Amino acid sequence: MKKLIAMSLIALTIASVAFAAPKKAKKAKKSKKAESTEMNISIFTIQQRQQPPEDNRAYKWIKDKFGVTFSFDILVGDKEQKKGILISDPSNLPDLVEIDDMRFMDAGLLYPLEKWIDEFCPNLKKHYASNPTDWIKMTEADGHIYCLPNYGVYDGADQGTFYNGNAFWIQKEVLKEFGYPTIKYIDEYFDLLEKYAKKYPEINGAPTIPFSILAASWEAFNMWNPPVFLAGSANEGDYIVVKDSSKKSGYAISFAAPSETGKRWYKIANEKFNKGIIDAASFTDTQDQYKAKIAQGRVLGMFIQGWEFPDQENTLRTNGMANRTYAPLALTFDSSYVPHYRDRALPNIQRGYGITTNCSEEKAKKILKFMDDQLAEDVQVYFQWGEEGVDWQRDAKGEPYRTPEQRAQQEDPNWILHNKATLWTEEAPKMEGSFPKSGYACSMNNIPSEYQSKLLDHPEDLDLFKAYKVPSYAALVDADPRPNDGWYPLWQVKVPSDGTDEAFIYAKYEGLFRKHLPGIIMCKPAEFDAKWADFKKDLSEINIEKYEEWFQAKLDERVEKFGGSNAR
């Protein structure tokens, strides 16, 4: 999913690697408890990063402190095929698998964790159960918890300034070129991209790409999610929810892409493609090829989620192209819609690690205890801030800060590769918001003094914030997001179990999206209606209405359990 070496694409290896201690790393104090739990944890992850090198400082620190090393099986190729292989032969399952759907759970290949958490994991219990609704949402219909959410569980006040969600992103240089105009609607956005590309047809000697669509592999949801947001909906995945008194819950659901709202978006996209604004290679590029173009600084705009391209932005900064990093815009079709891109923090249900039954029960308990121990504040400070005296320090008043050099190196993909435990920490349980004891923001970037100092290192951000009169990118998208709807988000609804009619339809509909949408976008304008009719005809033949009925029942259940709309 992400690439870490500047301006180059690297083949990802699946070879399992246990990380040895570099000679220069500072010796961490190992407790007797850590000595008794020395183990290697094998992990399957869909985070397509590089294998950490043997001299990685953070993994050395974990080994010294906890006696834990890791062997990562990093996804290469098709995600669903890889999961199918693991499920078909459970004897080859690693200790941990990264969860992003129900397949491992439905196959009965994960340990239930709630009993062990209650018995000997006070940090995990406090972390996840401090909000009773979060604990309820984590609990499956059979009463068990199989997956520990990786993000969205806040231990203190949210001090966030960063925006990591869906948006129509635009290069800061484009906004600067035209005096930081106010852009609210999709037509204004494309007009600006087209205008800039005509003025600057090349960037760094390569053709300028006004707009690109990520249509590869599991990230292809970026191809069919835009109409959800352009119509003022929150991030409900593939769906739009509207009020409907005829439904049990008072709300109705429909797929966004095949709807009239979806047709409106694809008509716009078709028009822009035929004007040369949308990159034709979008529909043939791999994930790495798509993201390489971002890292080259020549993609002016895209619809994508912020967490999908931080490494490419770091590459741009490292290579002196910070002006070509991106700002998020919350666009709609027109003034009849209110944008709803930014939500309030919520647990990332069914996203994170599960412990497989191929792991012995004794080892499973040790792994869970390690996850509990690593939620100690000092460990989280190390994972998120780094090593005091090396990655940050305190001033005369005892306040934490970083030097400009430290901030710069911590944005360098190569430095991150050698000094951060990213493959582990991204999916592991973690503190967010504020550290309970110190009260400082869990992200050093969000400590007010550090945030302001960092802006001095990023004049392109400072100029943009000044122009739009906002303090951060979070505020640029929405300074005060409304409370989440009770049912939100619908992308957390479980995928239907294998063998059901709904599972068959689910498997088919996404394939039809992949098959038809590129052709609908790239066809000649005169062919659009016929292409759209073919798309709708194929969907009707798989009885997609039956799937929508099933999903409507899930929406009704969530409204009954968690509540309805919280719109102001």
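Predicted, not measured: the structure shown is a model, and the values here were computed from it. Here the residue numbering is sequential within each chain, running from 1 through the sequence in written order. Local features in this predicted model are restricted to residues of pLDDT 70 or higher, and side-chain atom pairs are both shown and tallied only at a pLDDT of 80 or more, whereas totals for entire chains, interfaces and linings draw on every residue. Where side-chain values are given, they derive from all heavy atoms of the structure, hydrogens and water being excluded.

Participant: Could you give an account of the overall build of the protein chain, with specific residues and numbers?
Facilitator: Helix and strand assignments follow DSSP, with helices taken as H or I runs no shorter than four residues and strands as E runs no shorter than two, numbered in order from the N terminus. Summing up its helical and strand segments, the protein chain has 25 helices and 15 strands in all. With C-alpha atoms as the basis for the radius of gyration, the globule rule is written as 2.2 Å multiplied by the number of residues raised to the power 0.38. Taken over C-alpha atoms, the radius of gyration comes to 24 Å for the protein chain, in line with the 24 Å a tight globule of 568 residues would show. The principal-axis extents of the C-alpha atoms in the protein chain amount to approximately 75 × 55 × 45 Å. The proportion of buried residues among the 568 residues of the protein chain is 57%. We call two residues contacting when some pair of their heavy atoms lies within 4.5 Å. In the protein chain, of all internal contacts separated by at least 6 residues, the share reaching a separation of at least 24 is 78%. Entry remark: accessible area of the protein chain is about 23500 Å², with carbon and sulfur atoms responsible for 51%. In this tally Asp and Glu are treated as negative and Lys and Arg as positive; neither His nor the chain ends contributes. Taken as the charge location is NZ of Lys, CZ of Arg, CG of Asp or CD of Glu. Charged side chains of the protein chain number 73 positive and 83 negative; the gap between the two group centres comes to 3 Å. We call a residue buried when its accessible area falls under 20% of the maximum for its residue type, exposed when it is over 50%, and partly exposed in between, using a 1.4 Å probe and counting protein chains only. All accessibility values rest on the Shrake-Rupley procedure with a 1.4 Å probe; residue burial counts only the protein chains present in the view.

Participant: I'd like to hear about the sheet that holds strand β4 (residues 148-149), residue by residue, with values.
Facilitator: Should DSSP find at least two bridges between two strands, the strands are regarded as paired. Across the sheet, which stays open at both edges, the five strands sit in the order β2-β1-β3-β13-β4 with mixed pairing between neighbours. Because the sheet does not close on itself, it has two edges, and the strands there are β2 (68-74) and β4. The pairing of β4 with strand β13 (residues 352-355) spans two bridges and is antiparallel. Paired with Pro 149 across the bridge in β13 is Gly 352.

Participant: Before we move on, can you summarise the pattern of salt bridges with the specific residues and values?
Facilitator: Salt bridge criterion: a side-chain nitrogen from Lys or Arg within 4 Å of a carboxyl oxygen from Asp or Glu. One pass over the full model with this rule turns up 41 salt bridges. Put simply, Asp 118 and Lys 125 hold a salt bridge, and the shortest N to O gap is 2.4 Å. One salt bridge connects Asp 334 with Arg 264, and the closest N-O pair in it is separated by 2.7 Å. Highlighted residues: Asp 334 in the loop between β12 (326-329) and β13 and Arg 264 in helix α12 (residues 260-274), separated in sequence by 70 residues. A relative accessible area of 22% places Asp 334 in the partly exposed class. Residues joined in a network through salt bridges with shared partners are Lys 79, Glu 80, Lys 83, Asp 100, Asp 101 and Arg 103.

Participant: Kindly report on the pairing of strand β11 (residues 299-305), identifying the contributing residues and their values.
Facilitator: Where burial is concerned, most of β11 is hidden: seven out of the seven residues are buried. Of the strand pairs in this sheet, strand β5 (residues 166-171) and β11 are connected by five bridges, and their pairing is antiparallel. Looking across to β11, one finds that Asn 166 is bridged to Gln 305. Pairing of strand β8 (residues 209-212) with β11 involves three bridges; the strand directions are parallel. Bridged to Ile 209 within β11 is Val 299.

Participant: Account for helix α21 (residues 459-468), with residues named and values stated.
Facilitator: Taken as a whole, α21 has its buried residues at Glu 460, Asp 461, Leu 464, Phe 465 and Tyr 468. Buried residues of α21, seen end-on, are gathered within an arc of 130° and therefore sit on one face of the element. Against α8 (172-177), α14 (310-318), β12, α20 (448-457) and α22 (473-478) lie the buried residues of α21. Lys 469, located one to two residues past α21, shows a positive phi value of around 55°. Of all possible arcs, the one meant is that of the directions from the helix axis to the C-beta atoms.

Participant: Describe the packing of helix α6 (residues 122-129) against helix α15 (residues 361-373), listing the residues and the values that go with them.
Facilitator: Between α6 and α15, the least distance of the axes is 7 Å, while the angle of their chain directions is 65°. The crossing of α6 and α15 is left-handed. Mapping the contact onto sequence places Pro 122, Asn 123 and Leu 124 in α6 and Leu 368, Met 371, Asp 372 and Asp 373 in α15. Orientation is described by axes fitted as lines to C-alpha atoms, over the contacting stretch for helices, and by angles from 0 to 180 degrees between their N-to-C directions. By convention the crossing between two helices is left-handed if the near helix lies anticlockwise of the far one by an angle smaller than a right angle, and right-handed if it lies clockwise.

Participant: Give me the lowdown on the sheet that holds β8, citing residues and values where you can.
Facilitator: Read across the sheet, four strands follow the order β8-β11-β5-β12 without closing on themselves; strand pairing throughout is mixed. In the strand order of this sheet, the two ends are held by β8 and β12, each with one partner. Across the sheet, the mean angle from the axis of one strand to that of its neighbour is 25°, orientation sign disregarded. Along the sheet, helix α13 (residues 287-295) contacts β8, β11 and β12; its crossing angle with β11, the most-contacted strand, is approximately 130°.

Participant: Before we move on, could you go through the nonpolar core and cite the residues and values that matter?
Facilitator: One finds Phe 168, Ile 170, Ile 186, Tyr 189, Phe 211 and Tyr 266 to be the most contacted residues of the largest nonpolar core, which totals 100 residues. Within the second largest apolar cluster, 52 residues are counted, among which are Ile 74, Leu 96, Val 153 and Val 381. Among buried residues, those of type Ala, Val, Leu, Ile, Met, Phe, Trp, Tyr and Cys that are joined through side-chain atoms within 4.5 Å constitute a nonpolar core.

Participant: Give me the lowdown on the environment of Ser 212, citing residues and values where you can.
Facilitator: Within the secondary structure, Ser 212 is located in strand β8. The buried category is assigned to Ser 212, whose relative accessible area is 1%. Residues Ser 212 and Lys 126, 86 residues apart in the sequence, show an inter-C-alpha distance of 43 Å. With residues up to four places along the chain from it excluded, the contact list for Ser 212 reads Asp 279, Ser 282, Tyr 290, Val 299, Gly 301, Met 302 and Phe 303. Here the side chain of Ser 212 touches Ser 282 through a polar contact of 3.3 Å, side chain to side chain. Each polar contact in these results corresponds to two N or O atoms within 3.5 Å; when the atoms are within protein, one needs to be able to donate a hydrogen and the other to accept it, and residues that are neighboring in sequence are counted only if both atoms are side-chain atoms.

Participant: Which residues make up unusual backbone geometry, and what values go with them?
Facilitator: Residue Pro 489 follows Tyr 488 across a cis peptide bond; omega there is -5°. With respect to the secondary-structure elements, Pro 489 resides in the loop between α22 and α23 (501-522). A positive phi is found at Ser 217, a non-glycine position, where the angle reads about 50°. Along the chain, the position of Ser 217 falls in the loop between β8 and α10 (221-224). Judged by its relative accessible area of 25%, Ser 217 falls in the partly exposed class. Even without being glycine, Gln 350 reaches a positive phi, approximately 60°. Within the secondary structure, Gln 350 is located in the loop between β12 and β13. We classify Gln 350 as buried; its relative accessible area is 5%.

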